[in-house]
2 protein chains.
Amino acid sequence: MSINGSKLLMKTLIENGVEVCFGNPGTSEMHLVDAIAKTDQMKGILGLFEGVVTGAADGYARMARKPAATLLHLGPGLANGAANIHNAQRARSPMINIIGQHALDHLQYESPLKSDVEAIASPFSDHVKTTTDVNELSADTATAIAAANGVVGKIASLIVPADIAWSETDNAKVVKATQVIADTASNALLEQAIDWLGSEKTTALLIDDACLFGEALVNAGRIARATGATLLCPTFYARAQRGAGTVPVLRIPYFAEDATAALESFQQVILIGSRVPVSFFAYPGKPSWLLPDGCDIMTLTEQDQDSPQALKRLAAALKVSAGDYDAHPSQLPEVPQGPLTPESAAACIARHMPVDSIVVDEGITSSFPAYSITAGAARHDWLTVTGGSIGQGLPAAVGCAVACPNRKVISLEGDGSAMYTVQALWTMANQDLDITVVLYANHSYKILNVEMIRVGVEAPSPKASEMLEIEGPCLDWVALTTGMGLPVSEATTAAEFEEQFAKAMAAKGPQLIIATVSKEL
Amino acid sequence: MSINGSKLLMKTLIENGVEVCFGNPGTSEMHLVDAIAKTDQMKGILGLFEGVVTGAADGYARMARKPAATLLHLGPGLANGAANIHNAQRARSPMINIIGQHALDHLQYESPLKSDVEAIASPFSDHVKTTTDVNELSADTATAIAAANGVVGKIASLIVPADIAWSETDNAKVVKATQVIADTASNALLEQAIDWLGSEKTTALLIDDACLFGEALVNAGRIARATGATLLCPTFYARAQRGAGTVPVLRIPYFAEDATAALESFQQVILIGSRVPVSFFAYPGKPSWLLPDGCDIMTLTEQDQDSPQALKRLAAALKVSAGDYDAHPSQLPEVPQGPLTPESAAACIARHMPVDSIVVDEGITSSFPAYSITAGAARHDWLTVTGGSIGQGLPAAVGCAVACPNRKVISLEGDGSAMYTVQALWTMANQDLDITVVLYANHSYKILNVEMIRVGVEAPSPKASEMLEIEGPCLDWVALTTGMGLPVSEATTAAEFEEQFAKAMAAKGPQLIIATVSKEL
């Protein structure tokens, strides 16, 4: 019995555990859409812009710990999604991009949408393949899944020409993806780490990725308690478990001078699946390197090795596999009073976020105080903009809610940030996702006003401000949110925000709360 | 006297006639923003998403006949703008992309926003250069301008590391861009074209780019009238002059079978700065090639040659340089009655569009009838989505209005199309641009419903429709437009649309009219 390429591709995804496809298709992907519709287990979710699609796949992968597929329309559709693929790659999120291409025979012509899809995909992909024979499509799909779905996630881009998608094959055999077994730390490195942890020197363990939650984080906590080492994590990471009862980890501050101060006491740093910390941007006359002079560095595991396994062995070698660890106490702020500020909003959030909520933080300057204020809130996961490309927050919240339908997703968004992929609000409504967006409205790219001074320019002139402020007109977020079909409320005092946020946490479904904060605060 | 790189770059742009910069900057571009602010003649215009920035630069270049600069934040910011750069490249619009990059010394580290900017730019650029010495920045800028600003426009991407932007140089000399002189048709080819035009065979001249307006179009009309040849243009072109008093040109239809029918009588086609027509997409079992079997083809000029000059010489050789040409008569439809449909909306548009208005058409199925119905309307320019990447219309309208502040811009948009770069509405309000957006609301990717059947899939199943319809919820365009700060009105009958559109044409400033049309029509 024959089957067309599109249906074989979907079967291959499903039989390898890929069961969600976020998409924004075009004509060349119509057979793939039909195949999604005819593959019962495959969930197809529409985004009205491709950055929503790829950002959602990133959020999904971070929480589901397995890849979603994306469906993108040729080179330009891929390009529209590339910024959030960049963020996903930096998050080490597995992702399978299914990218349409013209039928192979059509590529000899200079039609309007012709583009070099492989060249566009390559800077953002760990694996790129164009399938040119429908009989190889299942194998190519399985190879892409294996490439994406290693111990650390990778970006696999599978380009499917329209004629491969519509051609029939008699070879309906579905290929299973090979399981990638990652290696872990060598015994010699493990011994060295044990030596370092036993020394008199002030030592930090810099952990990332899968070491930031679950059993791996607990093992890191046991090692830290037993040895006196400090646990550090990068400023921007994919996902960390935080809050009451979890192991505290010091997040390296964003601004280089704060980071340098936070790191100045360390004489030794052990990198576990993480990189040497460097500043986010360069600033005139300031070093990018953040560790103190003379600080020794060792790499226990590289980022593509099995770091949780290394922590487990380290804990075992230190005989603390069942040991105690310092857990953050439950600490809830008082009910805030007065005007709504980033700090008072954060207090309300900390007070009401339910256990195992998922916080997607792209609030930039406005959500900055929320990180410390929520440290003793109910246990939760916190997700950041790993690649620094803004427009990731709302889409990632979509993906988190799809991956974890029984957990509350809290999306902290700046108004400037939200605009890049504002179309995500529609998908939240369309899929009735349990997401509360806190939209900080300060009508400014406030971070750029700060950064302009920090890079050595004086405070922005009036003409420069025209490129840094979202005023004239101010965006009306009640209207924008309503336009996308979401319930919306607006808070201008701490008391209003407290009431609205508490109510949102007790309810189900998507909604947006405008937190009106001054850009002067 | 020393000057920093950013200010030198802006001076070089200004002294070479580049006086508008559409931008969405980040930290690494703060010195460039400061330099825009301190360069009196440079106009800086903010877009809240990079696709707005690049699409605006495309629209600007099509109407101003010279490049704008864009200011983009590193690789991901460039990627966000790439789809509209693709459209601009296909429009042969000149464009100078100024793309930030980390300071050179910072690139040794794996910071979150590190990316291979050159690799991201290359698939969408004709010229790519990273400046690595501030003393070369003016020369590199001039080279980029020369690359962009030839006889046909090109995409030049100049990557400016932050330290090049902030470093001082004592060499403040501004380099002038060299003028590119394009060659034109050889005498031999001109003789051949004259032979073909004098033959008994049914002959078409397929013209594009700068041959579609002004004196070149008039010359084409003279040649056509004198020889009986038919003037053709591609389905998607950058800009064509149309309406009463202009030379009629037959636009090749979009659907392959319609195109084949339109072209079947031609025995000879002379390509003048244009390519052989092929179908937009491939369809199973249908040829991409649209010309009839046995049709002879000659290329008088390639796309990067001076085609208007070739037409001028051809007219001179045929002794019709001052000859008559067939001009489209003025033909205005009657006041439409009854429900609002794409046809009745088109009739209202044709009746009221002022002379020399600029129509940016991304209405897809909904604006389809407007093309023929406006053929006898007041003289105007019509712009299309040259690269087929949707999300070009609203940004291009911004650019047109900036380039031509005294001309009315009419943006015909589908609701699905508008969502890709909906942020453009804010820039229209922010810059108080004289744009009337006609937003056709059918709550569907209607073209994909059509295409799904055309590619051989049956009509979309309910589950497939979930990826093709923008329902559940329907977008509320009154709210969305209000949210962006634009006046909005809504028409559900032909009489309402007639009144609202007439009023918009008589007024100044940005506004949006929702044309509620059924997707069933």
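Residues numbered from 1 in each chain as written. Chains lettered and ligands numbered in written order. Predicted model: local features only at pLDDT ≥ 70, side-chain atom pairs only at ≥ 80, totals over all residues. Heavy atoms only, no water.

1. Comments concerning the overall build of chain A
And step 1. A count of helical and extended segments in chain A gives 20 helices and 20 strands.
And step 2. Principal-axis analysis of the C-alpha atoms places the extent of chain A at approximately 65 × 60 × 45 Å.
And step 3. Expressed as a percentage of the 521 residues in chain A, the buried residues total 64%.
And step 4. Carbon and sulfur atoms provide 51% of the accessible area of chain A, an area that totals close to 16900 Å².
And step 5. Across chain A, the mean location of the 35 positive side-chain charges is 5 Å away from that of the 56 negative side-chain charges. (Helix = DSSP H or I, 4+ residues; strand = E, 2+ residues; numbered from the N terminus. Buried < 20%, exposed > 50% of the residue type's maximum accessible area, 1.4 Å probe, protein only. Areas by Shrake-Rupley, 256 points an atom, 1.4 Å probe, with all protein chains shown as cover. Lys, Arg positive; Asp, Glu negative; His and termini not counted. Charge placed at Lys NZ, Arg CZ, Asp CG, Glu CD.)

2. Some thoughts on the sheet that holds strand β12 (residues 250-251) of chain A
Residue and element names in this part refer to chain A.
And step 1. Taken in spatial order, the five strands make up an open sheet running β12-β10-β9-β13-β14, and their pairing is parallel. Edge positions in the open sheet fall to β12 and β14 (296-301), since each of these has one partner strand only.
And step 2. Sheet topology places strand β13 (residues 268-272) next to β14; five bridges connect them, and they run parallel. Paired with Ile 270 across the strands is Met 298, a residue of β14.
And step 3. Contacting β13 and β14, helix α11 (residues 307-317) crosses the sheet at an angle of about 105° to β14. (Pairing = 2+ DSSP bridges. Contact = heavy atoms within 4.5 Å. Axes fitted to C-alpha atoms, helices over the stretch in contact; angles between N-to-C directions.)

3. As for the relation of the copies chain B and chain A
And step 1. Turning chain B through 180° and shifting it by 0.0 Å along the axis lays it on chain A, with an RMSD of 0.0 Å. The symmetry that links the two subunits is that of a two-fold axis.
And step 2. Interface overlap between copies: 99% of the residues of chain B at the interface are likewise at the interface in chain A, consistent with a symmetric, same-surface contact. (Least-squares fit on C-alpha atoms with pLDDT ≥ 70 in both.)

4. Digging into the packing of aromatic side chains
The geometry of an aromatic ring pair is captured by the separation of the ring centres together with the interplanar angle, meaning the angle of the planes.
Residue and element names in this part refer to chain B.
And step 1. Within the structure shown, the criterion is met by 21 aromatic pairs over all chains.
And step 2. The interplanar angle of 85° and the centroid separation of 6.1 Å between the aromatic rings of Phe 236 and Tyr 254 together place this pair among those described as edge-to-face. Here the residue Phe 236 occupies a position in the loop between β10 (230-233) and β11 (240-242), and Tyr 254 occupies one in the loop between β12 (250-251) and α10 (256-263), the gap between them amounting to 18 residues.
And step 3. Aromatic pair Phe 497 and Phe 501: ring centres 5.7 Å apart, planes at 15°, arrangement stacked. With Phe 497 and Phe 501 both in helix α20 (residues 494-506) and four residues apart, the pair spans about one turn of that helix. (Phe/Tyr/Trp six-rings, centres within 6.5 Å; stacked < 30°, edge-to-face > 60°.)

5. Some points on the sheet that holds strand β17 (residues 409-414) of chain B
Residue and element names in this part refer to chain B.
And step 1. Read from one edge to the other, the open sheet built from seven strands follows the order β11-β16-β15-β17-β18-β20-β19, with strand pairing classed as mixed. Strand pairing shows two members of the sheet lacking a second neighbour, β11 and β19 (488-491), which therefore form its edges. Neighbouring strand axes in the sheet, compared pairwise and without regard to direction, differ in orientation by 20° on average.
And step 2. When strand β15 (residues 357-362) meets strand β16 (residues 380-383), the two strands line up parallel, connected through four bridges. Bridging from a neighbouring strand, Val 359 pairs with Trp 382 of β16.
And step 3. Helix-sheet contacts for helix α14 (residues 393-403) involve β15, β16, β17 and β18 (435-441), and the interaxial angle to β17 is about 175°.

6. Considerations on the packing of helix α1 (residues 5-15) of chain A against helix α6 (residues 137-148) of chain A
When two helices pack together, their arrangement is given by the angle between the helix axes and the distance between those axes.
Residues and elements named next belong to chain A.
And step 1. In the contact formed by α1 and α6, the axes pass within 9 Å of each other and the chain directions differ by 35°. For the element pair α1 and α6, the recorded crossing hand is right-handed. In contact with Gly 5, Leu 8, Leu 9, Thr 12 and Leu 13 of α1, α6 contributes Leu 137, Ser 138, Thr 141, Ala 142 and Ile 145.
And step 2. Among the residues forming the contact of α1 with α6, the class breakdown is six nonpolar, four polar and no charged. (Left-handed = near helix turned anticlockwise from the far one by under 90°. Nonpolar A, V, L, I, M, F, W, Y, C, P; charged D, E, K, R; others polar.)

7. Description of the nonpolar core
And step 1. Counting residues in each nonpolar core, the largest one holds 212 residues, and the members touching the most others are Phe 22, Leu 425 and Trp 477 of chain A together with Phe 22, Leu 425 and Trp 477 of chain B.
And step 2. Beyond its immediate stretch of four places on either side in the chain, Trp 477 of chain B contacts Asp 415, Ala 418, Met 419, Val 422, Leu 425, Leu 439, Ala 441, Val 488 and Ile 514 of chain B. (Core = buried A, V, L, I, M, F, W, Y, C linked by side-chain atoms within 4.5 Å.)

8. Thoughts on the confidence of the model for chain A
And step 1. Counting all residues, the mean pLDDT for chain A is 96, and 100% of those residues have values of 70 or more.
And step 2. In the model output, the complex is listed with pTM 0.98 alongside ipTM 0.97. (pLDDT = per-residue confidence, 0-100.)

9. Quick look at the pairing of β18 of chain B
Successive residues of a regular strand alternate their side chains across the two faces of the sheet.
All names here are of chain B.
And step 1. For β18, the tally of buried residues reaches seven of seven residues, placing the bulk of the element in the interior.
And step 2. Neither face of β18 is left uncovered, since the one carrying Ile 435, Val 437, Leu 439 and Ala 441 and the one carrying Thr 436, Val 438 and Tyr 440 both have all their residues buried.
And step 3. Sheet analysis places β17 next to β18, joined by six bridges and oriented parallel. Following the sheet pairing, Leu 412 is matched in β18 by Val 438.

10. Structural notes on the interface of chain B and chain A
And step 1. Facing the 98 residues of chain B at the interface are 97 residues of chain A.
And step 2. Where chain B abuts chain A, roughly 8000 Å² becomes buried across the two surfaces, and 69% of that area is made up of carbon and sulfur atoms.
And step 3. Together, Thr 27, Pro 112 and Met 467 of chain B form the three largest contributors to the area buried by chain B at its contact with chain A, with a combined 9%.
And step 4. For the pair chain B and chain A, the interface holds four salt bridges.
And step 5. The shortest N-O distance in the salt bridge between Lys 38 of chain B and Glu 458 of chain A comes to 3.3 Å. (Buried area = accessible area lost by both parts, 1.4 Å probe. Salt bridge = Lys/Arg side-chain N within 4 Å of Asp/Glu carboxyl O.)

11. Thoughts on the side chain of Ser 344 of chain B
And step 1. Looking at the element boundaries, Ser 344 of chain B is found in helix α12 (residues 342-352).
And step 2. Not counting residues within four places of it along the chain, the set of residues in contact with Ser 344 of chain B comprises Pro 336, Pro 339 and Ala 494 of chain B.

12. What to know about unusual backbone geometry
And step 1. Note that the residue after Gly 472 of chain A, namely Pro 473 of chain A, is joined by a cis bond; omega there is 0°.
And step 2. You will see that Asp 432 of chain A, though not glycine, has its phi angle at about 50°, which is positive.
And step 3. Positionally, Asp 432 of chain A belongs in the loop between α16 (424-430) and β18 (435-441).
And step 4. Even without being glycine, Arg 65 of chain B reaches a positive phi, approximately 60°.

13. Side note on helix α17 (residues 446-454) of chain A
And step 1. Turning to α17 of chain A, its buried residues are Leu 448, Asn 449, Glu 451, Met 452 and Arg 454 of chain A.
And step 2. In the core, the buried residues of α17 of chain A are packed alongside α10 (256-263) and α18 (462-465) of chain A together with α2 (30-37) of chain B.
And step 3. Backbone geometry just downstream of α17 of chain A places Gly 456 of chain A in the positive-phi region, at approximately 105°.

14. Some details on the environment of Ala 229 of chain B
Residues and elements named next belong to chain B.
And step 1. With respect to the helices, strands and loops of the structure, Ala 229 is situated in the loop between α9 (214-227) and β10.
And step 2. Separated by 57 residues in sequence, Ala 229 and Lys 286 have C-alpha atoms that sit 28 Å apart.
And step 3. Not counting residues within four places of it along the chain, the set of residues in contact with Ala 229 comprises Leu 197, Thr 203, Leu 205 and Ala 224.

15. Observations regarding the pairing of strand β7 (residues 155-161) of chain A
Residue and element names in this part refer to chain A.
And step 1. A large share of β7 lies buried, amounting to seven of its seven residues.
And step 2. Alternating residues of β7 divide into Ile 155, Ser 157, Ile 159 and Pro 161 and Ala 156, Leu 158 and Val 160, and every residue in both groups is buried.
And step 3. One ladder, built from seven bridges, connects strand β5 (residues 95-101) with β7; its direction is parallel. In the sheet register, Ile 96 faces β7, and the bridge partner there is Ala 156.
And step 4. Relative to β7, strand β6 (residues 127-130) is paired through four bridges, and the arrangement is parallel. Among the inter-strand pairings, Val 128 is bridged to a residue of β7, identified as Ser 157.
And step 5. At this point the chain moves from β6, through α6, to the parallel β7, and the crossover so formed is right-handed. (Right-handed = clockwise from strand over helix to strand, strands pointing away.)

16. Concerning the state of the cysteines
Think of a disulfide as a covalent bridge from one cysteine sulfur atom to another cysteine sulfur atom.
Residue and element names in this part refer to chain A.
And step 1. Going through the model one piece at a time under the given rule, you end up with zero disulfides over all chains.
And step 2. In this model Cys 211 remains outside any disulfide bridge; the closest cysteine sulfur is found in Cys 233, 11 Å from its own.
And step 3. For the unlinked cysteine Cys 400, the closest cysteine sulfur is that of Cys 404, found at 6.8 Å. (Disulfide = S-S within 2.5 Å.)

17. Section: the side chain of Glu 29 of chain A
And step 1. Position of Glu 29 of chain A relative to the elements: it lies in the loop between β2 (20-24) and α2 (30-37).
And step 2. Among buried Asp, Glu, Lys and Arg side chains, Glu 29 of chain A stands out as unpaired, with Arg 454 of chain B the closest opposite charge at 14 Å.
And step 3. At 2.7 Å, the side chain of Glu 29 of chain A and the side chain of Ser 28 of chain A are in polar contact.
And step 4. If we ignore the near neighbours within four places in the chain, the residues touching Glu 29 of chain A are Leu 71, Leu 72, His 73, Leu 74, Gly 100 and Gln 101 of chain A. (Polar contact = N/O pair within 3.5 Å; in protein donor to acceptor, adjacent residues only side chain to side chain.)

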